[in-house]
Amino acid sequence: MWRSSQRGRDEVTCIACGDSVARSEAREYDKFGDRWDREGKEFEHLCKPCDRERCHQPRGNLERLLEDVESAAAGRDRDAFLATYLELAERADSVEER
Ligand SMILES: [Zn+2]
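Criteria and cut-off values
- Residues numbered from 1 in each chain as written.
- Predicted model: local features only at pLDDT ≥ 70, side-chain atom pairs only at ≥ 80, totals over all residues.
- Heavy atoms only, no water.
- Helix = DSSP H or I, 4+ residues; strand = E, 2+ residues; numbered from the N terminus.
- Buried < 20%, exposed > 50% of the residue type's maximum accessible area, 1.4 Å probe, protein only.
- Polar contact = N/O pair within 3.5 Å; in protein donor to acceptor, adjacent residues only side chain to side chain.
- Contact = heavy atoms within 4.5 Å.
- Donors = N, O, S within 2.8 Å, 3.2 Å for Na, K, Ca; no water.
- Salt bridge = Lys/Arg side-chain N within 4 Å of Asp/Glu carboxyl O.

Named according to an unreviewed UniProt entry, the chain is Small CPxCG-related zinc finger protein originating from Halosimplex carlsbadense 2-9-1.

Set out below in structure tokens:
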């Protein structure tokens, strides 16, 4: 399938910041998590800066972490919440091997 584009050759749009980047400069982002099964799929793209940011901030972990913090610091004040957050975040960082 070939779509014509006024902007010329192979440009894709970063799904995070909306910038147009050359396809060769972009990272493919497959929301199904399986880059190797390409049949009938359309990939989304991230520019390199956004891709880098994404790797540093795994959102899935953050949400799980916040749930843990909420239950650990339940009924306590904001300082306790933040202290618990930092403690658990540090622990999660040191455990995670990737
Ligand atoms: Zn971007």
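**Student:** I keep staring at the environment of E42 and nothing clicks. Help me out?
**Tutor:** Note on placement: E42 falls in the loop between β3 (27-29) and β4 (44-46). Along the chain, E42 and Y29 lie 13 residues apart, while their C-alpha atoms are 9.7 Å from each other.

**Student:** Quick question: what am I supposed to make of the side chain of T84 here?
**Tutor:** Mapped onto the fold, T84 is located in helix α3 (residues 78-95). A relative accessible area of 11% places T84 in the buried class. Engagement of the side chain of T84 in a polar contact is seen with the backbone oxygen of A80, the distance being 2.7 Å. Excluding its chain neighbours within four sequence positions, the residues that come into contact with T84 are V69, A72, A73 and R76.

**Student:** Teacher, can you tell me more about the coordination of the zinc ion here?
**Tutor:** Geometry reference: four tetrahedral donors at a metal, ideal angle 109.5 degrees. Six octahedral donors, ideal angles 90 or 180 degrees. In this structure, C14 (SG), C17 (SG), C47 (SG) and C50 (SG) serve as the protein donors to the zinc ion, at separations of 2.3 to 2.4 Å. If you list the donors of the zinc ion from N- to C-terminus, the spacing comes out as C-x2-C-x29-C-x2-C. On the accessibility criterion, C17 (40% relative accessible area) is partly exposed.

**Student:** Got a minute to help me understand the pattern of salt bridges in this structure?
**Tutor:** Oppositely charged side chains can pair when the atoms bearing their charge come close. Overall, the coordinates contain two salt bridges when judged by the stated rule. Between D51 and R27 there is a salt bridge; the shortest N-O distance is 2.8 Å. In this pair, D51 sits in helix α1 (residues 48-56) while R27 sits in strand β3, placing the two residues 24 residues apart along the sequence. Looking at D51, the relative accessible area reads 7%, which means it is buried. For R27, a relative accessible area of 36% gives the class partly exposed.

**Student:** What's the story with the side chain of H45 in this structure? I'm lost.
**Tutor:** Residue placement: H45 occurs in strand β4. H45 sits in the buried class, given a relative accessible area of 6%. In this structure H45 touches V12, T13, C14, I15, R23, A26, R27, E28 and Y29, once residues within four positions along its chain are discounted.

**Student:** Would you explain the environment of I15 in this entry?
**Tutor:** Tracing the sequence through the fold places I15 in the loop between β1 (11-13) and β2 (20-22). Here the alpha-carbon distance between I15 and L46, two residues 31 residues apart in the chain, equals 5.8 Å. Every residue in contact with I15, bar those within four places of it in the chain, is listed here: Y29, E44, H45 and L46.

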